[in-house]
Amino acid sequence: VSVVDYNFQVATSTGAYTVNIGRGILHDALKHVDCLILDQQLAVDVGHNLNDVVLVDAGESLKTLDSCSLLLAQIKERGLTKSELLGACGGGSVQDVATLAASLYMRGVQWEFFPSTAMAALDSCIGGKSAINVGSYKNLAGNFYPPAQVTIDVALLDNLPSTAISAGLAEAVKICFARGAGAFTTFLELQSTSESGTSMPISTALVEYVLLHKAWFVEVDEFDRAERQLLNFGHTFAHALEAASGFAVPHGIAVAYGVTAACLHPLATEGALVSELIEYNCRLVGASDYPPDVVSKSVDSERFSQYLNSDKKGTPESLMFILPGPQGKLERVLVPRGAETQTQARTALSDALQVLEG
Ligand SMILES: NC(=O)c1ccc[n+]([C@@H]2O[C@H](COP(=O)([O-])OP(=O)(O)OC[C@H]3O[C@@H](n4cnc5c(N)ncnc54)[C@H](O)[C@@H]3O)[C@@H](O)[C@H]2O)c1
Ligand SMILES: [Zn+2]
């Protein structure tokens, strides 16, 4: 049976959009889409009997201006008009390029997103951001163009590799921790009740809980100027880790490491909640099928420092870290760029590697 378990609205400056969450709801929801951008990996499950599908090859190479312009031509070939609905089904990379394409096609058409990865379902589907890689610069260009609707069928997540589940949950726990002690504690409860064995299945209740909190950040700070920046918790480390590994480490796994490093940073405040967060990230890394010492092996600490220093957040003089303060409440901390800051960050990273990789 196809039932929407939850739905709620997200307010934006250009109007509200609805988020639907259920199991087995995709088939019906796709009926009102006029042209669908579809991750080709999902073609057999989702798209074999649909007309007007544009299949794409997901991943970082999809997130370019060239593939966006190819996509625009393919949508035009499928005959989509300005008053019709564009759909996109896939993970974060499909979302990033579809957001941009929807905003540009005939100066903007309505679109609906159907997330197919844990990362997209638990985090990126709310917020309306696109991001495109330009040359070697990851996520350099982008805009805000929220979908008209988001429909999440958790059945799509059933066959994800365990690393992809851990990656999505790393962002999810970060969101709830950033929202406060109550949200973090409830997240852990919801997660343990939906857990069986070593796998970590994702229930509709968990998705709704996490996205309501993500929506809170996005609603109070749509354009990422204040509160929403707390969602960058762990990301200064994570981005440097990803780049220093030549993007061998997936983003969500880098976030689990980055959040742990931020918790262990000398300027962070220790406490029971912070310890629980570190422990949860250990479980995520342990549950992934990622080789245990791969991060320490693939990250050169010189390159880590270089990438850390080139982080786009912060100011010319200072780097910005989001760190736990008293009672685990996250704070934005500006530290002057320089040798001491680099030493602190490298110490935090090596402590995190110790904890996560043993
Ligand atoms: N726009 C935003 O706000 C935002 C936020 C976070 C991350 N992102 C971006 O999202 C990307 C990472 O997200 P992602 O991991 O979802 O990436 P992705 O879209 O690259 O998907 C990863 C892999 O999973 C496969 N896949 C997709 N759905 C599947 C399914 N149901 N079962 C099995 N395999 C499936 C894809 O084909 C691909 O090989 C990054 O490029 C990141 O920059 C964007
Ligand atoms: Zn992230």
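Conventions used here
- Here the residue numbers are simple positions, counted from 1 along each chain's written sequence.
- Chains carry letters and ligands carry numbers; both start at the beginning, A for chains and 1 for ligands, and go up in the order they are written.
- It should be noted that, the model being predicted, local features are given only for residues of pLDDT at least 70 and side-chain atom pairs only at 80 or more, the latter also being counted only at that level, while totals for whole chains, interfaces and linings use all residues.
- In computing side-chain values, all of the structure's heavy atoms are included and hydrogens and water are not.
- Working definition: residue near molecule or strand if any one of its non-hydrogen atoms lies within 4 Å of it.
- Under the rule applied, a polar contact is a pair of N or O atoms within 3.5 Å (in protein, one hydrogen donor and one hydrogen acceptor; residues adjacent in sequence only if both atoms are side-chain atoms).
- To measure how exposed things are, a 1.4 Å probe is used in the Shrake-Rupley method; for residues, cover is taken only from the protein chains shown.
- Where helices and strands are cited, they refer to DSSP runs of H or I of at least four residues and of E of at least two residues respectively, numbered from the N terminus.
- Residue polarity follows a fixed list, in which Ala, Val, Leu, Ile, Met, Phe, Trp, Tyr, Cys and Pro are nonpolar, Asp, Glu, Lys and Arg are charged, and the others, Gly among them, are polar.
- Any two strands between which DSSP finds at least two bridges are classified as paired.
- To get an axis, fit a line to the C-alpha atoms, keeping to the stretch in contact for a helix; angles then go from 0 to 180 degrees between the N-to-C directions.
- Here, two residues are considered to be in contact whenever any of their heavy atoms come within 4.5 Å of each other.
- Residue burial is assigned from relative accessible area. The probe radius is 1.4 Å, only protein chains are included, and a residue is buried under 20% of its type maximum, exposed over 50%, and partly exposed in between.
- Note that water is not among the atoms considered, so a metal site may appear incomplete; the donors listed are N, O and S atoms within 2.8 Å of the metal, with 3.2 Å applied to Na, K and Ca.
- The criterion is simple. A nonpolar core is a set of buried Ala, Val, Leu, Ile, Met, Phe, Trp, Tyr and Cys residues joined through side-chain atoms within 4.5 Å.

**Considering the site of ligand 1**
Stage number 1. Taken together, 20 residues form the shell around ligand 1, and within it Asp-39, Glu-60, Ser-93, Ser-116 and Thr-117 come nearest.
Stage number 2. Measuring from an oxygen atom of ligand 1, one finds a backbone N or O atom of Gly-92 at 2.8 Å.
Stage number 3. Between ligand 1 and the protein, one listed contact pairs a nitrogen atom with a backbone N or O atom of Leu-156 at 2.9 Å.
Stage number 4. For ligand 1, whose unbound accessible area comes to 870 Å², protein coverage reaches 78%.
Stage number 5. Where the shell around ligand 1 is concerned, the elements lending two or more residues are α4 (92–104), α5 (118–124) and β8 (137–141).
Stage number 6. The element best represented in the shell around ligand 1 is α4, accounting for 3 residues.
Stage number 7. Split by residue class, the shell around ligand 1 holds 5 nonpolar, 9 polar and 6 charged.

**Side note on the sheet that holds strand β9 (residues 149–153)**
Stage number 1. Strands sit in the order β1-β2-β9-β6-β5-β3-β4 across an open sheet of 7 strands; the sheet is mixed. Edge strands, defined here as strands with exactly one partner in the open sheet, are β1 (3–10) and β4 (53–56). Sheet twist, expressed as the average angle between the axes of neighbouring strands with direction ignored, equals 15 degrees.
Stage number 2. Across 7 bridges, β1 lies against strand β2 (residues 17–23) in antiparallel orientation. Within β2, the position partnered with Phe-8 by the bridge is Val-19.
Stage number 3. Across the face of the sheet, helix α3 (residues 65–77) comes into contact with β3 (35–39), β4 and β5 (86–90) while running at roughly 160 degrees to β4.
Stage number 4. Packing of helix α8 (residues 204–220) onto the sheet brings it into contact with β1, β2 and β9, and relative to β1 it is tilted by some 5 degrees.

**Comments concerning the pairing of β2**
Stage number 1. Along β2, 6 of the 7 residues are buried, which leaves the element largely enclosed by surrounding structure.
Stage number 2. Bridging between β2 and β9 involves 5 bridges; their strand directions are parallel. Residue Asn-20 lies in a different strand from β9, and its bridge partner there is Thr-151.

**So, the environment of Pro-147**
Stage number 1. Positionally, Pro-147 belongs in the loop between β8 and β9.
Stage number 2. For Pro-147, a relative accessible area of 6% gives the class buried.
Stage number 3. For the pair Pro-147 and Ala-101, spaced 46 residues apart in sequence, the C-alpha to C-alpha distance is 12 Å.
Stage number 4. Contacts of Pro-147, omitting those with residues within four sequence positions, involve Tyr-17, Trp-111, Glu-112 and Phe-113.

**Quick word on the coordination of the zinc ion (ligand 2)**
Stage number 1. Looking at the zinc ion (ligand 2), the protein donor atoms are Glu-171 (OE), His-235 (NE2) and His-251 (NE2), and they sit 2.0 to 2.1 Å from it.
Stage number 2. Coordination of the zinc ion (ligand 2) draws on donor residues from a single chain, spaced E-x63-H-x15-H in sequence. Placement of Glu-171 in helix α6 (residues 162–179) and of His-251 in helix α10 (residues 251–263) is noted, with a sequence separation of 80 residues between them.

**A look at the environment of Leu-156**
Stage number 1. For Leu-156, the position within the fold is in the loop between β9 and α6.
Stage number 2. We classify Leu-156 as buried; its relative accessible area is 16%.
Stage number 3. Leu-156 sits 38 residues away from Ala-118 along the chain, and the two C-alpha atoms are 9.2 Å apart.
Stage number 4. With residues near it in sequence (within four places) discarded, Leu-156 still touches Leu-26, Val-46, Cys-89, Pro-115 and Ser-116.

**Considering the nonpolar core**
Stage number 1. The biggest cluster of nonpolar side chains holds 106 residues, and the ones touching the most others in it are Val-19, Ile-126, Ile-152 and Phe-187.
Stage number 2. Setting aside its immediate chain neighbours within four residues, Phe-187 contacts Leu-169, Ala-172, Val-173, Cys-176, Leu-206, Tyr-209, Val-210 and Tyr-280.
Stage number 3. Leu-30, Leu-36, Leu-42 and Cys-89 belong to the second largest nonpolar core, which has 13 residues in total.

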